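# A structural walkthrough
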Amino acid sequence: MESLCIVGNGGVSTCQAFARLDSTRVGFRPRAQLGFGCFVRERYKYGNLVIARSGRSEVGNSKDGNFAVENEKEEKRGGLILGPERDSSGSVIGFNLIPPSGDGEVLESHEDATTGGTEEAEDIEGAEKVQTRVTYNIVFVTSEAAPYSKTGGLGDVCGSLPIVLAARGHRVMVVSPRYLHGSPADKNFAGASELDCHIKVYCFGGEQEVAFFHEYREGVDWVFVDHLSYHRPGNPYGDSRGAFGDNQFRFALLCHAACEAPLVLPLGGYTYGEKCLFLVNDWHAGLVPVLLASKYRPYGVYKDARTILVIHNLAHQGVEPAATYTNLGLPSEWYGALGWVFPTWARTHALDTGEAVNLLKGAIVTVDRILTVSKGYAWEITTVEGGYGLHELLSSRRSVLNGITNGIDIYEWNPSSDKHIASNYSVDDLSGKVQCKIALQKELGLPIKPDCPLIGFIGRLDYQKGIDLIRWATPELLEDDVQFVMLGSGDPLYEDWMRATESTYKDKFRGWVGFNIPISHKITAGADILLMPSRFEPCGLNQLYAMRYGTVPVVHGTGGLRDTVQAFDPYSKGGLGEGTGWIFSPLSKESMLAALRVAIMTYRDHKSSWEGIMKRGMVKDSTWENAAVHYEQVFEWAFIDPPYIN
């Protein structure tokens with residue numbers, strides 16, 4: 001457990017835990033392990049509290065559990081006593097300030113660090129009254145979270161956003177399966193220790209026993225549900241033969257365990273408790289809000305909890321035959337929340353009634369609020385084209401539907417410090433980018449041509465990513481003096497096409513089948529243009545990485561691509577220009593080629609304009625800190641209304 005530092009603006013002195021403090025203004029910032037969520041920037045009539053992690057440079061180091069105390073200024077009043085608040089078992093669950101008179105009157109009384117209250121600042125010494133930030137006990141439920149498990153953007157989001165929210169004062173738990181594939185990736189779970197807590201949940205016709213593993217890292221409680229069904233070769237969802245046939249069981253088990261985790265796991269000495277906020281991600285976690293509404297709240301449990309569904313990709317909904325409903329461990333009268341009927345054209349034969357259960361539909365019906373990973377995608381999923389059969393239901397819940405664009409890890413994706421690239425560079429010194437291009441050309445065996453436009457593609461080789469358009473357009477595109485590099489895996493048809501194209505255009509095209517993190521960084525840094533012709537893209541991360549590296553994106557105008565890339569306009573701002581890339585629409589080979597040709601022409605003939613596009617992309621704020629502020633606003637909205645009951 002970390003020590004406590006109390007900071008102000010004066011000199012530094014030390015005192016033992018719970019000793020009297022000489023300062024009348026003290027501030028606290030919460031650390032989740034200690035349970036100080038209720039003290040975030042709280043203002044009292046005797047002072048300000050801020051709780052900070054010891055060891056940070058701005059507060060100095062605390063040794064042997066002492067508090068480093070820095071007086072903001074000297075005043076005539078005596079010191080304050082920081083006294084522990086204990087539960088019935090004697091465990092410390094919080095702290096109270098006791099006035100200097102020693103009469104024991106508590107300045108503010110708080111329950112344990114359960115969350116949710118809005119704390120307003122008092123007007124002290126004429127200061128303007130401001131409203132403090134609200135803190136929550138947040139539980140992410142997800143099928144993957146980097147670096148432990150990752151197949152795409154979902155893993156990136158659930159590996160980065162929790163850390164940022166924890167740094168902002170929230171207590172955060174991430175619940176995910178403990179996958180063991182018998183591969184080197186298993187070492188990702190080496191830091192997690194098994195908790196002495198085995199529970200039994202009822203689903204699929206009987207009691208299922210699960211265990212929990214835990215790692216406390218970067219302020220977040222990473223909790224892994226352990227069961228034999230998560231121990232098999234492949235990825236989290238399937239192997240070379242396709243999706244696992246028992247995925248409904250595997251992720252229903254995750255949801256049941258996630259509902260129990262805040263109640264039974266004493267992380268950092270105490271549980272998260274009932275008043276928490278569940279962030280459920282995609283259909284894999286979609287059973288959580290249904291379970292809370294049908295099995296917990298009717299009995300008074302989680303009556304103050306809230307749920308938010310985050311949709312990363314609506315195309316995947318967790319649809320199974322209607323007969324499987326009885327396996328989910330839900331009351332029979334709740335079938336309507338998950339019940340789903342396929343349209344006639346989608347049924348397999350004349351006697352097929354089309355009846356099914358849809359886990360994502362159940363989540364949409366029962367959650368308190370819905371988020372998507374971009375504003376554009378929040379609108380698209382309410383349309384016939386983008387709603388995948390759920391557009392009417394989502395339109396009916398439009399009042400609680402919002403979109404927040406994903407952020408990126410600016411430490412991993414930083415051209416000035418990236419260890420994977422040949423030469424580091426920054427917005428103030430772009431000279432290293434051409435060196436990265438030359439190094440990439442050498443590594444891939446392409447002719448060394450620093451002035452030749454180099455186009456890159458990184459992504460899955462499937463229909464969603466518009467690979468068919470690239471396939472049709474490549475012969476025409478490569479008639480020009482350009483080079484094209486692709487990295488990805490997926491449909492064997494496109495993998496074979498990449499290999500064949502490389503042998504046909506040996507001096508212009510390279511296709512790397514598979515996925516390689518260092519190579520993805522090298523392409524992002526070495527390419528001049530990143531092509532993303534996705535049919536739909538809920539958010540997209542590669543265009544954000546590209547802009548940070550001064551690589552100009554050319555994207556289809558859909559979802560998060562349209563939200564994050566600003567079309568270049570050379571005539572705005574008195575001819576200085578604005579924009580960070582090119583957006584083409586409609587989705588066609590001709591439209592895509594036209595946008596690429598304009599980008600190539602700008603690169604060759606208008607160097608100053610091209611440099612302006614690069615620099616505007618590099619300084620664009622795509623941090624998770626920016627996204628976290630918008631998430632916090634939605635958290636507050638979720639607690640305004642009563643939770644879903646019926």
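Because the structure is a prediction, the values reported are computed rather than measured.

Helices and strands together make up the secondary structure of the protein, namely 16 helices and 29 strands. Put simply, the protein has 646 residues, and 57% of those count as buried. If you take every contact in the protein between residues at least 6 apart in sequence, the share linking residues at least 24 apart comes to 69%. Here the protein displays about 26,900 Å² of accessible surface, and carbon together with sulfur accounts for 50% of that area.

Time to look at the sheet that holds strand S14 (residues 220–226). Here 9 strands make up an open sheet; going across it, the order is S12-S13-S14-S11-S10-S17-S18-S22-S23 and the pairing mixed. Because the sheet does not close on itself, it has two edges, and the strands there are strand S12 (193–203) and strand S23 (401–403). Across the sheet, the mean angle separating the axes of adjacent strands is 25° when strand polarity is ignored. In this structure, strand S13 (residues 206–217) lies alongside S14, joined through 7 bridges in antiparallel fashion. Within S14, the residue paired with Glu-215 across the bridge is Trp-222.

What follows is about the sheet that holds strand S20 (residues 339–341). Remark on secondary structure: sheet strands pair via backbone hydrogen bonds, oriented parallel or antiparallel. The antiparallel open sheet is built from 3 strands, whose spatial order is S19-S21-S20. In the strand order of this sheet, the two ends are held by strand S19 (319–321) and S20, each with one partner. Each neighbouring strand pair of the sheet contributes to a mean axis angle of 45°, computed without reference to strand direction. The pairing of S19 with strand S21 (residues 355–358) spans 3 bridges and is classified as antiparallel. By the bridge assignment, Glu-320 is partnered in S21 with Val-357. Sheet strands in contact with helix H5 (residues 359–366) are S20 and S21, and its direction is about 60° off that of S21.

Attention now moves to the pairing of strand S28 (residues 552–556). With 5 of its 5 residues buried, S28 lies for the most part within the structure. Covered by surrounding structure in S28 are Val-552, Val-554 and His-556 together with Pro-553 and Val-555, the residues of both alternating faces. Taking the sense of rotation as the criterion, the β-α-β connection linking strand S27 (residues 529–532), helix H12 (residues 542–548) and S28 turns out right-handed.

Core analysis: the largest hydrophobic core is formed by 104 residues, its most contacted members being Phe-212 and Leu-287. Among the elements that make up this core, the one with the highest residue count is helix H2 (residues 247–264) (10 residues). Setting aside residues no more than four positions away along its own chain, Leu-287 makes contact with Ala-252, Cys-255, His-256, Leu-328, Leu-330, Leu-338 and Leu-359. If you look at the next biggest cluster of nonpolar residues, it comprises 52 residues, including Val-482, Met-486, Leu-544 and Tyr-603.

Bringing the environment of Thr-344 into the picture now. With respect to the secondary-structure elements, Thr-344 resides in the loop between S20 and S21. You can call Thr-344 exposed: its relative accessible area is 64%. Placed 10 residues apart in sequence, Thr-344 and Gly-354 show a C-alpha to C-alpha distance of 7.4 Å.

Before going further, it helps to examine helix H11 (residues 517–526). Counting buried positions along H11 yields 7 of 10 residues, so the element is predominantly enclosed. Buried within H11 are the following residues: Ile-519, Ser-520, His-521, Ile-523, Thr-524, Ala-525 and Gly-526. Contacts from the buried residues of H11 go to helix H8 (431–444), strand S24 (454–458), strand S25 (483–488), strand S26 (509–513) and H12.

Moving on, we get to the packing of H8 against H11. Between H8 and H11, the least distance of the axes is 8 Å, while the angle of their chain directions is 130°. In terms of orientation, H8 and H11 fall into the oblique class. Handedness of the crossing formed by H8 with H11: left-handed. Contacts between H8 and H11 involve Lys-433, Cys-436, Lys-437, Leu-440 and Glu-443 from the first element and Ile-519, Lys-522, Ile-523, Thr-524, Ala-525 and Gly-526 from the second. In the contact of H8 with H11, the residues fall into 5 nonpolar, 2 polar and 4 charged.

Another aspect to go through is the side chain of Ser-176. Summarising the element assignment, Ser-176 is placed in strand S11 (residues 171–177). Taking relative accessible area as the criterion, Ser-176 reaches 2% and is therefore assigned buried. At 3.3 Å, the side chain of Ser-176 and the backbone oxygen of Thr-142 are in polar contact. In contact with Ser-176, other than residues within four places in its own chain, are Thr-142, Ser-143, Glu-144, Ala-145, Ser-149, Val-223, Phe-224, Val-225 and Leu-254.

This part is about helix H10 (residues 492–504). Counted at 1.5 Å a residue, the expected span for H10 with its 13 residues is 18 Å, and the 18 Å between its end C-alpha atoms agrees. When H10 is considered as a whole, its buried residues turn out to be Tyr-494, Glu-495, Trp-497, Met-498 and Thr-501. The buried residues of H10 occupy one face: seen down the axis, they fall within an arc of 160°. Put simply, Asp-491 is the residue that caps the front of H10, since its side-chain oxygen is 2.9 Å from the backbone nitrogen of Leu-493.

A word on the packing of aromatic side chains. Tallied over the entire structure, the rule returns 23 aromatic pairs. Here Tyr-603 and Trp-610 contribute two aromatic rings whose centre-to-centre distance is 5.3 Å and whose plane-to-plane angle is 80°, an arrangement assigned as edge-to-face. No difference in accessibility class separates Tyr-603 from Trp-610, as the two residues are buried. Looking at Arg-250, its charged tip hangs above the ring of Phe-251, at a distance of 5.5 Å from the centre. Against the face of Tyr-603 rests Lys-607, its NZ or CZ located 3.9 Å from the ring centre.

Enumeration according to the criterion identifies 19 salt bridges in this entry. Note that Arg-535 is salt-bridged to Asp-468, the shortest N-O span being 2.7 Å. A residue pair is termed long-range when its members are at least 10 positions apart, and Arg-535 in the loop between S27 and H12 and Asp-468 in helix H9 (residues 467–477) qualify at 67 residues. When its relative accessible area of 21% is taken as the criterion, Arg-535 is described as partly exposed.

Another point: the confidence of the model for the protein. With 79% of its residues at a pLDDT of 70 or more, the protein shows a mean pLDDT of 83. Low pLDDT, under 50, characterises residues 1–81; the predicted model gives this stretch 216 contacts beyond four residues in sequence or across chains. Predicted confidence for residues 99–132 stays below pLDDT 50, and this span has 81 contacts to residues more than four positions away or in other chains.

Let us now look at the pairing of S14. Across the 7 residues that make up S14, a large majority, 7, are buried. Neither face of S14 is left uncovered, since the one carrying Val-220, Trp-222, Phe-224 and Asp-226 and the one carrying Asp-221, Val-223 and Val-225 both have all their residues buried. Following S13, the chain reverses through 2 residues before pairing antiparallel with S14; Glu-218 in that reversal takes a positive phi of roughly 50°.

Here the focus is unusual backbone geometry. In this structure, the amide linkage connecting Ala-146 to the following residue, Pro-147, adopts the cis form with an omega of 5°. Residue placement: Pro-147 occurs in the loop between strand S10 (137–141) and helix H1 (153–167). Residue Pro-586 is reached from Ser-585 by a cis peptide bond, and omega for that bond is 5°. Topologically, Pro-586 is positioned in the loop between strand S29 (582–584) and helix H14 (589–605). One non-glycine residue, Glu-218, lies in the positive phi region at around 50°. Examined against the element boundaries, Glu-218 turns out to sit in the loop between S13 and S14. Of note in the backbone geometry, Asp-282 takes a positive phi value of approximately 60° without being a glycine. With respect to the helices and strands, the residue Asp-282 is situated in the loop between strand S17 (277–281) and helix H3 (287–296). On the basis of relative accessibility, which here comes to 7%, the residue Asp-282 falls in the buried class.

Rules behind the numbers
Residues numbered from 1 in each chain as written. Predicted model: local features only at pLDDT ≥ 70, side-chain atom pairs only at ≥ 80, totals over all residues. Heavy atoms only, no water. Helix = DSSP H or I, 4+ residues; strand = E, 2+ residues; numbered from the N terminus. Buried < 20%, exposed > 50% of the residue type's maximum accessible area, 1.4 Å probe, protein only. Contact = heavy atoms within 4.5 Å. Areas by Shrake-Rupley, 256 points an atom, 1.4 Å probe, with all protein chains shown as cover. Pairing = 2+ DSSP bridges. Axes fitted to C-alpha atoms, helices over the stretch in contact; angles between N-to-C directions. Right-handed = clockwise from strand over helix to strand, strands pointing away. Core = buried A, V, L, I, M, F, W, Y, C linked by side-chain atoms within 4.5 Å. Parallel < 35°, antiparallel > 145°, perpendicular 65-115°, else oblique. Left-handed = near helix turned anticlockwise from the far one by under 90°. Nonpolar A, V, L, I, M, F, W, Y, C, P; charged D, E, K, R; others polar. Polar contact = N/O pair within 3.5 Å; in protein donor to acceptor, adjacent residues only side chain to side chain. Expected span 1.5 Å × (residues − 1). Arc of directions from axis to C-beta. Phe/Tyr/Trp six-rings, centres within 6.5 Å; stacked < 30°, edge-to-face > 60°. Lys NZ or Arg CZ within 6 Å of the ring centre and 35° of its normal. Salt bridge = Lys/Arg side-chain N within 4 Å of Asp/Glu carboxyl O. pLDDT = per-residue confidence, 0-100.

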